[in-house]
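# Coordinate inspection notes
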Amino acid sequence: MSLGHLERDVMDCLWAAPAPMTVRDVHAALGEQREVAYTTVMTVLQRLAKKGLAQQTKLGKAHLYSASESREQMAAELMMDALGDVGGAQARQAALLHFVGRMTANETELLKAALSASTTPERAP
């Protein structure tokens, strides 16, 4: 699932917020970067909630919005979705190799460390 520029900016506001935000809060935060109509922000937040990317909670007449998952969780989900769309096992393996080939040395070391930490040794029979 790809996000448009405004949707990404709205998600950035939600991720940066220490607490759930109203449409007015998000509109004010975005107003510091760009000019956007209040109703547009409201529509984007409603769409993000329908997609499951934002949580919507009613508070009186207003709605509060927060991100459904962290930026990192969403990025990982997008990566897994992209790999799922590649095709068979060989195409998935090739895509992974291309991805790893584009990583910096530091990113490669982080990935190695994460793989080592998550891999459990096979048990002997």
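Since the model is a prediction, treat every value here as computed from it, not as a measurement. (Residues numbered from 1 in each chain as written. Predicted model: local features only at pLDDT ≥ 70, side-chain atom pairs only at ≥ 80, totals over all residues. Heavy atoms only, no water.)

### Description of the overall build of the protein chain
Of the regular secondary structure elements, the protein chain holds six helices and two strands. When its helices and strands are written in sequence order, the protein chain yields α-α-α-β-β-α-α-α. Looking at the protein chain as a whole, 19% of its 125 residues qualify as buried. Taking the contacts inside the protein chain whose residues are at least 6 apart along the sequence as the reference set, 45% of them involve residues at least 24 apart. Carbon and sulfur atoms make up 56% of the accessible area of the protein chain, which totals about 9,100 Å². (Helix = DSSP H or I, 4+ residues; strand = E, 2+ residues; numbered from the N terminus. Buried < 20%, exposed > 50% of the residue type's maximum accessible area, 1.4 Å probe, protein only. Contact = heavy atoms within 4.5 Å. Areas by Shrake-Rupley, 256 points an atom, 1.4 Å probe, with all protein chains shown as cover.)

### A short note on the side chain of Asp-9
By the element assignment, Asp-9 lies in helix α1 (residues 5-16). Aside from chain neighbours lying at most four places away, what touches Asp-9 is Leu-30, Gln-33 and Arg-34.

### As for α1
In an α-helix, one turn spans 3.6 residues, which is why side chains three or four residues apart end up on the same side. The end-to-end C-alpha separation of α1 is 16 Å, in line with the 16 Å expected for 12 residues at 1.5 Å each. Taken as a whole, α1 has its buried residues at Leu-6, Glu-7, Asp-9, Val-10, Met-11, Cys-13 and Leu-14. Buried-residue contacts for α1 involve α2 (23-31), α3 (38-50), β1 (54-59) and β2 (62-67). (Expected span 1.5 Å × (residues − 1).)

### Examining the packing of helix α4 (residues 71-84) against helix α5 (residues 89-101)
Relative to each other, α4 and α5 sit at 135°, their axes nearing to 9 Å. Overall, the two elements α4 and α5 adopt an arrangement that is oblique. Mapping the contact onto sequence places Met-79, Met-80, Leu-83 and Gly-84 in α4 and Arg-92, Ala-95, Leu-96 and Phe-99 in α5. (Axes fitted to C-alpha atoms, helices over the stretch in contact; angles between N-to-C directions. Parallel < 35°, antiparallel > 145°, perpendicular 65-115°, else oblique.)

### Observations regarding a nonpolar patch on the surface
There is a patch of nonpolar side chains on the surface, built from Met-79, Phe-99, Val-100, Leu-111 and Leu-115 and spanning about 410 Å² of accessible area. Of all the secondary-structure elements, those providing two or more residues to the nonpolar patch are α5 and α6 (105-118). Turning to its location among the elements, Leu-115 is positioned in helix α6. (Patch = residues over 30% accessible without salt bridge, like charges linked within 9 Å, V, L, I, M, F, W, Y side chains within 5 Å. Salt bridge = Lys/Arg side-chain N within 4 Å of Asp/Glu carboxyl O.)

### Some details on the pattern of salt bridges
The full count for this structure, using the stated rule, is five salt bridges. In this structure, Arg-34 and Asp-9 form a salt bridge, with 3.1 Å as the shortest nitrogen-oxygen distance. Here Asp-9 lies in helix α1 and Arg-34 lies in the loop between α2 and α3, a separation of 25 residues in the sequence. With a closest N to O distance of 3.6 Å, Glu-109 and Lys-112 form a salt bridge. Of this pair, Glu-109 and Lys-112 both sit in helix α6, three residues apart, roughly one helical turn.

### So, the environment of Ala-37
Among the secondary structure elements, Ala-37 is positioned in the loop between α2 and α3. According to the relative accessible area criterion, Ala-37 is partly exposed, its value standing at 40%. Separated by 73 residues in the primary sequence, Ala-37 and Leu-110 have C-alpha atoms spaced 41 Å apart.

### Describing the nonpolar core
Of all hydrophobic cores here, the largest spans 20 residues; its most connected members are Val-10, Leu-14, Val-26, Leu-30, Leu-45 and Leu-48. Within the residue set of this core, elements represented by two or more residues are α1, α2, α3 and β2. Considering each element in turn, this core owes the most residues, five residues, to α1. Contact partners of Leu-30, with chain neighbours within four places excluded, come to Leu-6, Asp-9, Val-10, Cys-13, Val-36 and Val-41. (Core = buried A, V, L, I, M, F, W, Y, C linked by side-chain atoms within 4.5 Å.)

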